[in-house]
Amino acid sequence: MWFSLDSGAVVIVHLGMSGQVLVHQGNDQPNPHLRIRVSFTDSRDELWFVDQRTFGGMFVDEARSPVTGPDSLRHIAADPLSPDFDLRATVRRMRAKNSPVKAVILDQTVVSGIGNIYADESLWRARLHWQRPASGIPSGRLRELLEHSREVMTEALAQGGTSFDSLYVNVNGSSGYFSRSLAAYGREGEPCLRCGTPLVREQFANRSSFRCPRCQRAARR
Ligand SMILES: [Zn+2]
């Protein structure tokens, strides 16, 4: 994420694996993992960057184009919720990849913002097997997949996101409740909400993928 400054520069925030951006009010408890404190001239609240590990960070980028955004983020494609998101161009980029479709929607140079959980939810909604090469999937189905990703992330945002642990909280330190609405992720052995078939878990690039073996069949050759 980034914040625009009056000077035209931007402050870029990378959460890494465990970073949190919190609004700190004077009476809050001190935090042992506080890394960066931002104070304001017009408020007593502070913005805290808290990180248990140190994969995340904040930095200032002076170079910014009004069209492509900060120079240091130029390699990152728009996310499906961005007003700049170009559905047709994204489908074209996806169709050019022979990798599994899940790897393609997790690739930030193709489309950003879709993480492991929302990828599985989107693929379940689109009835696509995660391993199908993106190049072999018709454009219309890829478009549906991206539309599902936009829906699932919009629904998740309305519930504050998906908090599997105490690290994932909003700026006020509250958890999100979308984990209760997940249809695929984390539901190994539980019945598919569409067809009742037990979901399976498969390993994918050191992560888990959850799918319905009936609704999301292997690629047709
Ligand atoms: Zn199913």
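For the structure, see preceding data.
All figures in this text were calculated on a predicted structure; none of them were measured in a lab. (Residues numbered from 1 in each chain as written. Predicted model: local features only at pLDDT ≥ 70, side-chain atom pairs only at ≥ 80, totals over all residues. Heavy atoms only, no water.)

**Student:** I'm lost on the pattern of salt bridges in this one. Help?
**Tutor:** Side-chain pairs of opposite charge can arise where the charged atoms are in close proximity. Under the definition given, this model contains 9 salt bridges. One salt bridge connects R74 with D71, and the closest N-O pair in it is separated by 2.7 Å. Given a relative accessible area of 48%, R74 falls into the partly exposed group. Residue classification places D71 among the partly exposed residues on the basis of a relative accessible area of 37%. Of the charged contacts, one joins E188 and R201 as a salt bridge, the two residues approaching to 3.2 Å between their closest N and O atoms. Residue E188 is located in the loop between helix 4 (139-158) and strand 9 (200-204), and its partner R201 is located in strand 9; the two are separated by 13 residues in the primary sequence. The class for R201 is partly exposed, based on a relative accessible area of 43%. What you see here is one network of salt bridges that share partners, running through R125, E151 and E155. (Salt bridge = Lys/Arg side-chain N within 4 Å of Asp/Glu carboxyl O. Buried < 20%, exposed > 50% of the residue type's maximum accessible area, 1.4 Å probe, protein only. Helix = DSSP H or I, 4+ residues; strand = E, 2+ residues; numbered from the N terminus.)

**Student:** Looking at this structure, I do not really get the pairing of strand 2 (residues 10-14). What am I missing?
**Tutor:** Looking down a regular strand, the side chains alternate between one sheet face and the other. Here strand 2 lies mainly inside the structure; 4 of its 5 residues are buried. Pairing analysis gives 3 bridges linking strand 1 (residues 2-4) to strand 2, with the strands arranged antiparallel. Residue pairing across strands places W2 opposite I12, the latter belonging to strand 2. Hairpin connection between strand 1 and strand 2: a loop of 5 residues separates the two successive antiparallel strands, and G8 in this loop has a positive phi of roughly 100°. Bridge count between strand 2 and strand 6 (residues 57-61): 5 bridges; the pairing is antiparallel. Bridge assignment links I12 to a residue of strand 6, and that residue is F59. (Pairing = 2+ DSSP bridges.)

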